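Here are the chains, one letter per residue:
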Amino acid sequence: MSTRSPLRARLRRDWPLLVMVLPAALLLLVFHYLPTLGNVVAFLDYNPYAGDTPLQAFLASPWIGFGNFEVLFGDPAFWDAFWNTLSITGFQLVFYFPLPIALAIMLNSILSARLRAFVQSVVYLPHFFSWVLVVTFFVQMLGGAGLLAQTVRDAGFQPWDIMSNPDTFIVLVTAETVWKDVGWGTIVFLAALSTIDPHLYEASAVDGAGRWRRLWHVTLPGLRSVIVLLLILRLGDALSVGFEQFLLQRDAVGRQAAEVLDTFVYHQGITTGNYGYGAAAGLFKAVVGLVLILAANRFAHAIGERGVYSRS
């Protein structure tokens, strides 16, 4: 049975690695963990003008316990944003999440390295566009005065209402997300595909397995752990479907269709100055995300996968 080295010996041995990781750890501490302390604002009737400094205002704001949450859970606008967020997340899990997997498998099957590099560059490029540019592109193509509408009018027909139709808004934002990020999402799956032993494909081909059976019995099992991991992370982020994309299109389709929790926090907390109320909505979103990621990770352990973390 092996014994662990003393702490001092491990520090002396691993200090170069610790120095390398120190900047990232400090970045995480300053911009992620320290701001988490600000969640206490959700339990205050926070008034930023109650003192001369932010700390004085924080200390002078009265403690109201779960008062902000009581108002939040009784607000129909909050529940509209909540169900909109869940609907968009569920829709994108079905119609967006599998697409990077399929695209990665298709890219991996391209034999020409030059052609594969070209296709990858083309599908990666939209990820680096801002949401302002993406929404503008879709407006120019699908808007009321866009290319598609003009072409339909020239043909003597009435164009469809795409960019301002609240009934099809969920499809529109999913299409925008697919165009922008589906290529970027293939990177992890392409890396996972490169770890699959080529001899498995050769052995299955010798045994008479066709392309689809090799996909089902070799490729997908090789991707299973990565798929489960990314699905867990996506579920943990289920209530964060985006901010800028929805804020830009909120006025065109209306609050009922485009209001999600991130925009709700912005409009109800920041623009109105009701910081405690906005912080309560943000904290609720974070707690639900934590519960989802813990439940999904537990399910991953039940089916034999490591998930995000493992006790062993």
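Residues numbered from 1 in each chain as written. Predicted model: local features only at pLDDT ≥ 70, side-chain atom pairs only at ≥ 80, totals over all residues. Heavy atoms only, no water.

Asks: Please explain the nonpolar core as it appears in this structure.
Replies: What tends to happen in soluble globular proteins is that the nonpolar side chains get buried as a cluster. Counting residues in each nonpolar core, the largest one holds 21 residues, and the members touching the most others are Ala-42, Phe-69, Leu-72, Phe-78, Leu-261 and Phe-264. Those elements that place two or more of their residues in this core are helix H3 (67–73), helix H4 (76–95), helix H15 (261–270) and helix H16 (275–302). When residues in this core are grouped by element, the largest group, six residues, is from H16. Non-local contacts of Leu-72, meaning those with residues more than four positions away in its chain, are made with Phe-78, Trp-79, Phe-264, Tyr-277, Ala-280 and Ala-281. Counting residues in hydrophobic clusters, the runner-up holds 19 residues, among them Tyr-96, Val-123, Ala-192 and Leu-193. (Core = buried A, V, L, I, M, F, W, Y, C linked by side-chain atoms within 4.5 Å. Buried < 20%, exposed > 50% of the residue type's maximum accessible area, 1.4 Å probe, protein only. Helix = DSSP H or I, 4+ residues; strand = E, 2+ residues; numbered from the N terminus. Contact = heavy atoms within 4.5 Å.)

Asks: Sorry if this is basic, but what is going on with the pattern of salt bridges here?
Replies: A side chain of one charge can pair with a side chain of the opposite charge when the charged atoms of the two come close. Counted by the stated rule, this structure contains six salt bridges. Put simply, Arg-255 and Asp-80 hold a salt bridge, and the shortest N to O gap is 3.9 Å. Pair noted here: Arg-255 is in helix H14 (residues 255–258) and Asp-80 is in helix H4, with a separation of 175 residues, a long-range link. Here Arg-250 ties to Glu-259 by a salt bridge, and the two come within 3.0 Å at their closest N and O atoms. (Salt bridge = Lys/Arg side-chain N within 4 Å of Asp/Glu carboxyl O.)

Asks: Which parts of the structure should I look at to understand helix H13 (residues 244–253)?
Replies: An α-helix turns once every 3.6 residues. As a result, residues three or four positions apart point the same way. Within the span of H13, buried status applies to Gln-245, Phe-246, Gln-249, Arg-250 and Val-253. Angular distribution of buried residues about the axis of H13 spans 145°; they occupy a single face of the element. On the buried face of H13, the contacting elements are H4, helix H7 (131–142), helix H9 (169–181), H14 and H15. Phi turns positive, to about 100°, at Gly-254, one or two residues after H13. (Arc of directions from axis to C-beta.)

Asks: Looking at this structure, I do not really get helix H6 (residues 113–124). What am I missing?
Replies: If you check H6, its first and last C-alpha atoms are 16 Å apart, about what 12 residues at 1.5 Å a residue would give, namely 16 Å. Those residues of H6 that fall on the buried side of the exposure criterion are Gln-120, Val-123 and Tyr-124. The buried side chains of H6 occupy one side of the element, clustering within an arc of 95° when seen end-on. Those residues of H6 that are exposed and angled more than 90 degrees off the buried face are Arg-114 and Phe-118. In this structure, the buried residues of H6 make contact with helix H5 (98–108) and helix H10 (186–194). (Expected span 1.5 Å × (residues − 1).)

Asks: Where do I start with the side chain of Asn-297 in this structure?
Replies: On the secondary structure map, Asn-297 appears in helix H16. Discounting chain neighbours no more than four positions away, the residues touching Asn-297 are Ile-232, Arg-306, Gly-307, Val-308 and Tyr-309.

Asks: Even after reading the chapter, I still don't get the confidence of the model for the chain, so can you show me in this structure?
Replies: When pLDDT drops low, the exact placement of atoms in the prediction is not to be read closely. For the chain, per-residue confidence averages 88 on the pLDDT scale, and residues scoring 70 or more make up 98% of the total. When mean pLDDT is compared element by element in the chain, H9 scores highest at 94, while helix H2 (residues 54–60) scores lowest at 83. (pLDDT = per-residue confidence, 0-100.)

Asks: How do you make sense of the packing of helix H11 (residues 198–206) against helix H12 (residues 211–236) when you look at a structure like this?
Replies: For any two helices packed against each other, the geometry comes down to the angle between their axes and how far apart the axes lie. Two numbers describe how H11 lies on H12: the axes approach to 10 Å, and their chain directions differ by 150°. Put simply, H11 runs roughly antiparallel to H12. Both H11 and H12 take part in a crossing whose hand is right-handed. Residues Leu-200, Tyr-201, Ser-204 and Ala-205 of H11 touch H12, and the partners they reach there are Arg-214, Val-218 and Thr-219. Grouping the amino acids of the contact of H11 with H12 by side-chain chemistry returns four nonpolar, two polar and one charged. (Axes fitted to C-alpha atoms, helices over the stretch in contact; angles between N-to-C directions. Parallel < 35°, antiparallel > 145°, perpendicular 65-115°, else oblique. Left-handed = near helix turned anticlockwise from the far one by under 90°. Nonpolar A, V, L, I, M, F, W, Y, C, P; charged D, E, K, R; others polar.)

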